Amino acid sequence: MAQFGLTMFPTDYAIQPIELAIAADQRGQLWAAGGWMRGYGEAGVPGGGTIERWNGRRWEVSGSAAWKEPLTKVAPIAPDDAWAVAGGSFTTAGSYGLTPVQVLHWDGRAWKVELSLGAAYTVAVAARSADDAYVVGGRSSTEQPFIDRWDGTRWRRVPLDPAGRVRRPGSVGPTVTS
């Protein structure tokens, strides 16, 4: 990770850095989400996660933005408004499956778990605001795809047909890709 100049990772030789997502907020500011594993290969265990923001010269770390597991996806909106995913599957030197998958919201002061998905895979997150966010993935147990939408009050399932396509194409807001 040295080529990115990110500072989020401890330097202990037994800790493996994991950089999992980089995204820009609505003002064009870059955010990096990731974390670290303690140990090597598939025997490694999650150590923790954090988010950094690029200030134009260097990556800024916020100690209050740390989380107990690596953050695998990020959808930033503003310095006080970001969505992230913790857990799920991600790949480094080996393949780690971390469950349960949790969708988190950052309000500028603290992370809050907004949705626990349990065992899920290929999870992506997209957001336009604190009141308009989407999470996309598949259930590990059924292999069925899902799209869930946060409307500021609660999560609602977007109806999909048996092939996993949106039943009413105009019913989903932003284009969501992983």
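The written sequence of each chain sets the order in which its residues are numbered from 1. With pLDDT at 70 or above as the cut-off, local features in this predicted model cover only qualifying residues; side-chain atom pairs require 80 or more to be listed or tallied, and sums for whole chains, interfaces and linings still use all residues. With hydrogens and water set aside, each side-chain value is computed from the structure's full complement of heavy atoms.

1. A word on the overall build of the chain
And then number 1: Helix and strand labels come from DSSP, where a helix needs a run of H or I of at least four residues and a strand needs a run of E of at least two; each type is numbered from the N terminus. Along the chain, the regular secondary structure elements total 0 helices and 12 strands.
And then number 2: From first element to last, N terminus to C terminus, the chain shows the α and β order β-β-β-β-β-β-β-β-β-β-β-β.
And then number 3: Expressed as a percentage of the 178 residues in the chain, the buried residues total 44%.
And then number 4: When contacts within the chain are restricted to residue pairs at least 6 apart in sequence, long-range pairs at least 24 apart make up 37% of them. For every residue, the accessible area obtained with a 1.4 Å probe (protein chains only) is divided by the maximum for its type, and the residue is called buried under 20%, exposed over 50%, and partly exposed between those limits. Two residues qualify as a contact provided that any one of their heavy atoms is within 4.5 Å of a heavy atom in the partner residue.

2. Here's the deal with the environment of Leu 71
And then number 1: Of note, Leu 71 is situated in strand E5 (residues 71-78).
And then number 2: For Leu 71 and Val 103, which are 32 residues apart along the polypeptide, the C-alpha to C-alpha distance reads 9.7 Å.
And then number 3: The contacts of Leu 71, once residues within four sequence positions are left out, are Leu 20, Ala 33, Gly 34, Gly 49, Thr 50, Ile 51, Ala 84, Val 85, Ala 86, Leu 104 and Trp 111.

3. Points about the confidence of the model for the chain
And then number 1: Confidence scores here are pLDDT values: one per residue, from the predictor, ranging 0 to 100. Scored by pLDDT, the chain comes out at a mean of 75, with 69% of its residues at no less than 70.
And then number 2: Across the chain, element-level confidence peaks in strand E12 (residues 155-157) with a mean pLDDT of 91 and bottoms out in strand E7 (residues 95-106) with 71.
And then number 3: Confidence over residues 1-13 falls short of pLDDT 50; this stretch has 29 contacts with residues more than four positions distant or in other chains.
And then number 4: Note that pLDDT drops below 50 for residues 174-178; the model gives that stretch 8 contacts with residues more than four away or on any other chain.

4. Thoughts on the pattern of salt bridges
And then number 1: Criterion for a salt bridge: a side-chain nitrogen of Lys or Arg within 4 Å of a carboxyl oxygen of Asp or Glu. A full pass over the atoms with the stated rule returns 6 salt bridges.
And then number 2: Measuring nitrogen to oxygen at the nearest pair gives 3.9 Å for the salt bridge that ties Glu 60 to Arg 53.
And then number 3: The partner of Arg 128 in a salt bridge is Asp 132, and the shortest N-O contact between them spans 2.8 Å.
And then number 4: For Arg 128, a relative accessible area of 42% translates into the label partly exposed.
And then number 5: Put simply, Arg 128, Asp 132 and Arg 149 are held in one network by salt bridges that share partners.

5. Details of the nonpolar core
And then number 1: Ranked by size, the top nonpolar core spans 17 residues in total, and within it Trp 83, Val 103, Leu 117, Val 135 and Trp 155 carry the most contacts.
And then number 2: Of all elements in the fold, only E5, strand E6 (81-91), E7, strand E8 (111-118), strand E9 (120-129), strand E10 (132-139) and strand E11 (145-150) reach the threshold of two or more residues within this core.
And then number 3: Per element, the largest residue contribution to this core is 4 residues, and it comes from E9.
And then number 4: Non-local contacts of Val 135, meaning those with residues more than four positions away in its chain, are made with Val 103, Leu 115, Leu 117, Val 123, Ala 124, Phe 146, Ile 147, Asp 148 and Trp 155.
And then number 5: Listed in part, the 14 residues of the second largest apolar core include Ala 21, Trp 31, Leu 71 and Ala 84. Throughout this description, the term nonpolar core refers to a set of buried Ala, Val, Leu, Ile, Met, Phe, Trp, Tyr and Cys residues connected via side-chain atoms within 4.5 Å.

6. Thoughts on the packing of aromatic side chains
And then number 1: We call Phe, Tyr and Trp rings a pair once their centres come within 6.5 Å, taking the six-membered ring for Trp, and we label the pair stacked below 30 degrees between planes, edge-to-face above 60, and tilted otherwise. In the structure shown here, the tally under the stated rule is 5 aromatic pairs.
And then number 2: Following the ring pairs from residue to residue traces out a cluster consisting of Trp 83, Trp 150 and Trp 155.
And then number 3: Counted as over-ring charges are cases with an Arg CZ or a Lys NZ within 6 Å of the ring centre that also lie within 35 degrees of the ring normal. Taking NZ or CZ as reference, Arg 53 lies 5.5 Å from the ring centre of Trp 31, over its face.

7. With respect to the environment of Trp 36
And then number 1: Residue position: Trp 36 is located in strand E2 (residues 30-38).
And then number 2: In this structure, the C-alpha to C-alpha distance between Trp 36 and Gly 48, residues 12 residues apart in sequence, is 5.9 Å.

8. As for the side chain of His 105
And then number 1: Locating His 105 in the fold gives a position in strand E7.
And then number 2: For His 105, the contacting residues outside a window of four places in its chain are Asp 81, Ala 82, Trp 83, Ala 110, Trp 111, Lys 112, Glu 114 and Ala 130.

9. A few points about the environment of Gly 87
And then number 1: On the secondary structure map, Gly 87 appears in strand E6.
And then number 2: A C-alpha to C-alpha distance of 5.9 Å links Gly 87 and Pro 100, two positions 13 residues apart in sequence.

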